[in-house]
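# Architecture and fold: a report
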Amino acid sequence: MKNLISMRDLAPQETLALLQLAEDIEAKRVRPDLSGRLAALLFFEPSTRTHFSFDTAMKRLGGQTLSMSGSGGTSAQKGESLADTLKTISMYADLIVIRSAIEGAARYAAEVIDIPVINAGDGANQHPTQALLDLYSIRKTQGRLEDLSIALVGDLKFGRTAHSLVQALARFRPRFSFVSPEHLGMPYYILEDLQAAGVSYRQLTSLDGLACELDVMYVTRIQRERFADPEEYEKVKGCYVVNRATLAGARESMRVLHPLPRVNEIAAEVDTTRHAYYFQQAHNGVPVRQALLATLLEAAE
Ligand code: NCD
């Protein structure tokens with residue numbers, strides 16, 4: 001494993017090995033040593049959790065980071081190509097984490113430079129490290145990854161976290177419910193893969209009565225920045241609001257996950273229920289990213 005660009009590139013045993021290492025790091029059974037190692041965190045798009053948790057992960061293992069938010073302050077503003085910027089940074093750093101609005105940017109980066117590349121989100125396409133921490137969160141709360149009933153709710157067309165999570169979970173015999181407005185459904189290429197793999201899924205437009213059937217409800221934000229027409233966004237914003245009533249009848253063990261940031265799709269009153277897990281989920285980003293960095297930098301014992 002040299003890069004992490006898409007969850008499709010990871011075999012189930014590689015995924016499970018990363019989750020195990022994350023668990024060992026979190027339990028302090030293992031502490032990889034990243035001292036003397038430098039990761040460049042290149043965030044061309046906004047980020048709070050992903051950026052800061054990569055930064056935290058590196059530093060808490062003794063490593064260091066070079067960090068960039070937006071292209072302001074770099075020579076990209078002078079017209080430098082992405083390839084030249086990346087090649088230059090690869091002269092300084094041992095690994096690159098990249099987030100870009102351009103689909104395929106991380107794959108391209110991995111082709112033009114020799115150091116490991118981690119995709120921290122490429123447009124509406126993929127967000128594999130989020131999927132890893134989502135799997136970690138699911139296993140932690142449900143005790144397993146296999147045979148779970150999971151709803152993904154919200155913008156399934158543009159939501160890259162939903163794409164990566166579905167591809168990652170598909171290997172573990174899930175029962176998926178995809179809940180979205182009609183025009184924001186799961187992309188056809190993902191549905192085709194599920195059909196080919198014999199994975200069970202259904203497509204719904206309403207959340208009514210669903211909670212009692214689920215192990216996990218994975219809620220996502222409508223991705224406003226991906227809409228070409230602001231009026232189309234206005235039509236669908238606020239289409240799902242998960243509140244205490246939505247969760248009535250849910251199993252005690254059912255957990256609501258959200259990659260965050262939330263806008264209004266989970267009411268604040270849910271935060272104090274036993275079902276809310278989204279802030280712990282964000283916390284899980286650190287050990288999972290530590291495990292990934294250690295693996296790619298070959299620092300795991
Ligand atoms: C997500 C993203 O950037 O795709 N955020 C994150 O990394 N936790 C989800 C989102 O922005 O809606």
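Quick note: structure is the one above.
Before going into details, it helps to say that this report is about the structure given with it. Note that the coordinates shown come from a computational prediction; the quantities given were computed from them, not determined experimentally. (Residues numbered from 1 in each chain as written. Predicted model: local features only at pLDDT ≥ 70, side-chain atom pairs only at ≥ 80, totals over all residues. Heavy atoms only, no water.)

## Brief notes about helix α6 (residues 160-169)
By the criterion of burial, α6 is predominantly enclosed, with 10 of the 10 residues buried. Where α6 is concerned, the buried positions are Arg160, Thr161, Ala162, His163, Ser164, Leu165, Val166, Gln167, Ala168 and Leu169. (Buried < 20%, exposed > 50% of the residue type's maximum accessible area, 1.4 Å probe, protein only. Helix = DSSP H or I, 4+ residues; strand = E, 2+ residues; numbered from the N terminus.)

## Thoughts on the site of the ligand
In the region of the ligand, the neighbouring residues are Thr50, Arg99, His127, Gln130, Arg160, Thr161, Arg221, Gln223, Pro259, Leu260 and Pro261. Take Arg221: an N or O atom from its side chain is 2.8 Å from an oxygen atom of the ligand. Contact with the protein chains removes 93% of the 320 Å² of surface that the ligand exposes when unbound. Taken together, the residues of the shell around the ligand sort by class into three nonpolar, five polar and three charged. (Near = heavy atom within 4 Å. Polar contact = N/O pair within 3.5 Å; in protein donor to acceptor, adjacent residues only side chain to side chain. Areas by Shrake-Rupley, 256 points an atom, 1.4 Å probe, with all protein chains shown as cover. Nonpolar A, V, L, I, M, F, W, Y, C, P; charged D, E, K, R; others polar.)

## A look at helix α5 (residues 128-142)
Its 15 residues place the ends of α5 21 Å apart at the C-alpha level, agreeing with the 21 Å of an ideal helix rising 1.5 Å per residue. Summarising burial for α5: 12 of the 15 residues are buried, a large majority. Listed in full, the buried residues belonging to α5 are Pro128, Thr129, Gln130, Ala131, Leu132, Leu133, Asp134, Leu135, Tyr136, Ser137, Ile138 and Gln142. Positioned one or two residues after α5, Gly143 has a phi angle of 80 degrees, which is positive. (Expected span 1.5 Å × (residues − 1).)

## So, the environment of Gly62
On the secondary structure map, Gly62 appears in the loop between α2 (49-60) and β2 (64-69). With 24 residues separating them along the chain, Gly62 and Leu38 place their C-alpha atoms 9.8 Å apart. Sequence-distant contacts of Gly62, defined by excluding residues within four places in its chain, comprise Arg31, Leu34, Ser35 and Gly36. (Contact = heavy atoms within 4.5 Å.)

## Structural notes on the sheet that holds β2
Read across the open sheet, the four strands follow the order β2-β1-β3-β4; overall the sheet is parallel. Bordering the open sheet on either side are β2 and β4 (117-122), each of which pairs with just one other strand. Across the sheet, the mean angle from the axis of one strand to that of its neighbour is 10 degrees, orientation sign disregarded. The sheet contact formed by strand β1 (residues 38-43) and strand β3 (residues 95-100) spans five bridges and is parallel. Paired with Leu41 across the bridge in β3 is Val97. (Pairing = 2+ DSSP bridges. Axes fitted to C-alpha atoms, helices over the stretch in contact; angles between N-to-C directions.)

## Describing the pairing of strand β5 (residues 149-153)
Regular strands have side chains that alternate between both faces of the sheet. Of all five residues that make up β5, five are buried, and the element is covered over most of its length. Burial along β5 is two-sided: Ser149, Ala151 and Val153 facing one way and Ile150 and Leu152 facing the other are all buried. Of the pairings in the sheet, the one linking β5 to strand β6 (residues 175-179) comprises five bridges and is parallel in character. Bridge pairing in β6 places Ser149 opposite Arg175. As a crossover connection, the stretch from β5 through α6 into β6 is right-handed. Where β5 and strand β8 (residues 216-219) come together, four bridges link them in parallel fashion. By the bridge assignment, Ala151 is partnered in β8 with Met217. (Right-handed = clockwise from strand over helix to strand, strands pointing away.)

## Some details on the nonpolar core
In this structure, Ile138, Leu152, Phe176 and Phe178 are the most contacted members of the largest nonpolar core, which totals 58 residues. When residues no more than four places from it in sequence are discounted, the contact partners of Phe178 are Leu152, Leu156, Val166, Met186, Leu191, Leu194, Tyr201, Arg202, Gln203 and Leu204. Among the nonpolar cores identified, the runner-up in size contains 20 residues, and Leu207, Val219, Val270 and Ala276 belong to it. (Core = buried A, V, L, I, M, F, W, Y, C linked by side-chain atoms within 4.5 Å.)

## Some words on the pattern of salt bridges
Scanning all chains against the criterion turns up 16 salt bridges. The salt bridge partner of Asp147 is Arg173, with a shortest N-O separation of 3.1 Å. With a gap of 26 residues between them, Asp147 in the loop between α5 and β5 and Arg173 in the loop between α6 and β6 connect regions that are remote in the sequence. Across the pair Arg251 and Asp215 runs a salt bridge whose closest N-O atoms are separated by 2.8 Å. In this pair, Arg251 is assigned in the loop between α8 (230-236) and β9 (255-257) and Asp215 in the loop between β7 (200-204) and β8, connecting sequence segments 36 residues apart. (Salt bridge = Lys/Arg side-chain N within 4 Å of Asp/Glu carboxyl O.)

In short, geometric facts, not functional conclusions.
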